[in-house]
Amino acid sequence: NEGALWGGRFSTGPSPELVELSRSTHFDWQLAGYDLDGSRAHATALAAAGYLTPDELKRMLLALDQLGAGVADGTVTPLDSDEDVHGALERALIDIAGPELGGKLRAGRSRNDQIATLIRLYLLHHAHAISHHVVRLIDAIAAQADQHLGAAMPGRTHLQHAQPVLLSHHLLAHAWPLVRDLERLRDWSQRASVSPYGSGALAGSSLGLDPQLVADELGLSRPAENSIDATASRDVVAEFAFVTSLIGINLSRFSEEIILWNTREFDFVTLHDGYSTGSSIMPQKKNPDIAELARGKSGRLIGNLTGLLATLKGLPLAYNRDLQEDKEPVFDSVQTLEVLLPAFTGMVSSLKFNTPRMAELAPQGFSLATDVAEWLVRAGVPFRDAHEISGALVSHCEKLGIELHEPTDDELVAISPALTPTVREVLTVGGSIASRTGVGGTAPDRVAEQLAELTARVRAI
Ligand code: ARG
């Protein structure tokens, strides 16, 4: 098996079925650039320890650069006989540098420490890109919140009218989980910034290579503490898959509302034509497909996470080939979010809110009943009684088919002597919203404050 990374102790080459099963170049070739970075760092460590002369190092780095150019322009590609990205690159390096020099690079490293390092480099790179996309989405939500600081809407619990809130307040409630996702990615990247290089197959290196040098060259903070752990664990990959799932879930919850808001019955939003789709048969249709794809793809992201966790569950230490199955799920999660997030951001930026409709619905469904109860509390009525009285007012209005501010003074007193006509002062949406001045509340000043705080938090990440 010409060019293979192993074979010395075998009497025959691998069966064709094994080759077919074992090959991973169709997905791990995208790690080639990171593998070359690892090889440059490793060559530097080999030279520092005296295994490559300064001239050999120079020629090795030149050959690696040439190889990198070939990978980039597509002239170097994996062959059917290559098992994985590592084997393909070593074969191609030997084509360029010759077997004498090319054959020296593998000293002191194993594919096990190599791949554990590469997946970290890949994920760190894409965590950065995904964070960027999430920041843009948060900015788009914040811009919509900023534009609608005066607009009220029905706040809901159990999907029922609950209390009026500011539209901005509600929109920002979709932004904060994404801010925490950014913070999660930042915290994760500190844990991920560890270099398994030097761990070898599992037991560590006997060649006296400097692992900190390799870590520095790769922009990682330090070498791994335990070579067995470094080659056998993938919790860093699983944690990344968790954060990407959570981003998907956060988009999905927002999507569900956009889909509802976009129905004829709600009529809260209009989607931009450029961010909606049509029907092949029904000419009138304009569908919220971006939101639906976001909701659907969150299932896929969760699947990637659970698949990976199931792969890891029963594995004994140290490296097992099962670990090769860590890549496709996270590659898919990365690819999914990198396509989904820009489309989602465009949809959010271009949403048009029907604020008169939202304001009209805000006080309906007796959503100011809590304001009545709290007005009574401020007048000295115990909350238990206040709750009862306000409930009786709701029941009265419901029977007559009127709103809370509509009963006559006599009707109010009949429900409770505590219900003096001044209660009507709190029976407006604006009054209700303005009264919620507690931290994180829906009063306009508080919402303006949280908008500023959100922007500052995002800029600090
Ligand atoms: N392709 C493998 C992976 O992705 C790395 C190679 C390790 N192979 C081995 N037989 N030890 O995990």
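Since the model is a prediction, treat every value here as computed from it, not as a measurement.

(A) Inspection of the overall build of the protein chain at higher detail. Of regular secondary structure, the protein chain possesses 18 helices and six strands. Scaling as 2.2 N^0.38, a compact globule of 461 residues should have a C-alpha radius of gyration of about 23 Å, whereas the protein chain reaches 31 Å, well beyond that. Reported as C-alpha extents along the three principal axes, the dimensions of the protein chain are approximately 100 × 55 × 40 Å. When the 461 residues of the protein chain are sorted by exposure, 40% land in the buried category. Long-range contacts, defined here as pairs at least 24 residues apart, represent 75% of the contacts in the protein chain between residues at least 6 apart.

(B) Focus on unusual backbone geometry. Residue Ala318 follows Leu317 across a cis peptide bond; omega there is 0 degrees. The topology assignment puts Ala318 in the loop between helix 11 (289–313) and helix 12 (327–349). Phi angles above zero are rare outside glycine, and His158 is one such case at about 55 degrees. Within the secondary structure, His158 sits in the loop between strand 1 (152–157) and strand 2 (160–166). Unlike most non-glycine residues, Phe366 shows phi in positive territory, near 55 degrees. By the secondary structure assignment, Phe366 is in the loop between helix 13 (355–361) and helix 14 (369–378).

(C) Local environment of the nonpolar core. Counting residues in hydrophobic clusters, the biggest one holds 96 residues, and the most contacted among them are Leu67, Leu123, Leu137 and Phe344. Counting residues per element, this core draws most heavily on helix 6 (residues 111–147), which supplies 16 residues. Counting the residues that make up this core, at least three belong to each of domain 1 (16–107) and domain 2 (112–360). If near-sequence neighbours (up to four positions away) are discounted, Leu67 is found in contact with Leu36, Val76, Leu89, Ala92, Leu93 and Ile96.

(D) Structural detail: the site of the ligand. All residues adjacent to the ligand are Ser24, Asp84, Arg111, Asn112, Ile115, Tyr319, Arg321, Leu323 and Gln324. A breakdown of the residues in the shell around the ligand according to their chemical character gives three nonpolar, three polar and three charged.

(E) Inspection of the confidence of the model for the protein chain at higher detail. The pLDDT averaged across the protein chain works out to 96; a share of 99% of its residues lies at or above 70. Overall fold confidence for the complex sits at a pTM of 0.95, while the interface term, ipTM, reaches 0.96.

(F) View of the environment of Gly278. Counting through the fold element by element, Gly278 comes out in the loop between strand 5 (269–270) and helix 11. Taking the C-alpha atoms as reference points, Gly278 and Ala392, 114 residues apart in sequence, are found 48 Å from one another. Leaving out residues up to four positions away in the same chain, Gly278 has contacts with Lys285 and Lys286.

(G) Examining the pairing of strand 1 more closely. As paired strands, strand 1 and strand 2 are joined by six bridges and run antiparallel to one another. Counted as the bridge partner of Thr157 is Gln160 from strand 2. Linkage of strand 1 to strand 2, two consecutive antiparallel strands, is achieved through a turn of two residues, within which His158 is found at a positive phi near 55 degrees.

(H) Spatial organisation of the packing of helix 6 against helix 7 (residues 167–192). Orientation of helix 6 relative to helix 7, taken along the N-to-C sense of each, is 165 degrees, at an axis distance of 9 Å. In terms of orientation, helix 6 and helix 7 fall into the roughly antiparallel class. Crossing of helix 6 over helix 7 shows left-handed handedness.

(I) Broad picture of the domain arrangement of the protein chain. Once the domains are mapped, the protein chain shows domain 1 (16–107), domain 2 (112–360) and domain 3 (369–427). A straight line from the C-alpha centre of domain 1 to that of domain 2 covers 32 Å. On the side of domain 2, 18 residues touch domain 1, which itself brings 20 residues to the contact. Taken together, the elements giving at least two residues each to the side of domain 1 that touches domain 2 come down to helix 2 (25–28) and helix 3 (32–48). Looking at which element gives the most residues to the side of domain 1 that touches domain 2, the answer is helix 3, with 11 residues.

What counts, and where the lines are drawn
- Counting from 1, residues in each chain are numbered in the order their sequence is written.
- Per-residue local features of the predicted model are confined to residues with pLDDT of at least 70, and side-chain atom pairs are confined, for both listing and counting, to 80 or more; whole-chain, interface and lining totals are unaffected and use all residues.
- In DSSP terms, a helix is any run of H or I states spanning at least four residues, a strand is any run of E spanning at least two, and both are numbered starting from the N terminus.
- The quantity called the radius of gyration is restricted to C-alpha atoms. Its globule counterpart is 2.2 Å times the number of residues to the power 0.38.
- Three classes are used. A residue is buried when 20 or more other C-beta atoms lie within 10 Å of its own, exposed when 12 or fewer do, and partly exposed in between, with C-beta atoms placed from the backbone.
- We call two residues in contact if the C-beta atoms placed from their backbones are at most 7 Å apart.
- Any nonpolar core is a set of buried residues, restricted to Ala, Val, Leu, Ile, Met, Phe, Trp, Tyr and Cys, that join up through C-beta atoms within 7 Å.
- For the domains described, the bounds stem from an automatic or database domain assignment.
- Any residue whose backbone-placed C-beta atom lies within 6 Å of a molecule or strand is treated as near that molecule or strand.
- Here the term charged refers only to Asp, Glu, Lys and Arg, the term nonpolar to Ala, Val, Leu, Ile, Met, Phe, Trp, Tyr, Cys and Pro, and the term polar to all other amino acids, Gly among them.
- Confidence of the predictor at the level of single residues is given by pLDDT, which spans 0 to 100.
- A pair of strands is considered paired only if DSSP assigns at least 2 bridges between the two.
- Fitting a line to C-alpha atoms yields each axis, with helices limited to the stretch in contact; the angle taken between N-to-C directions then spans 0 to 180 degrees.
- Reported orientations rely on four angle classes, namely roughly parallel under 35 degrees, roughly antiparallel over 145, roughly perpendicular from 65 to 115, and oblique for the rest.
- Here a crossing is taken to be left-handed if its near helix is turned anticlockwise relative to the far helix by less than a right angle, and right-handed if that turn runs clockwise.

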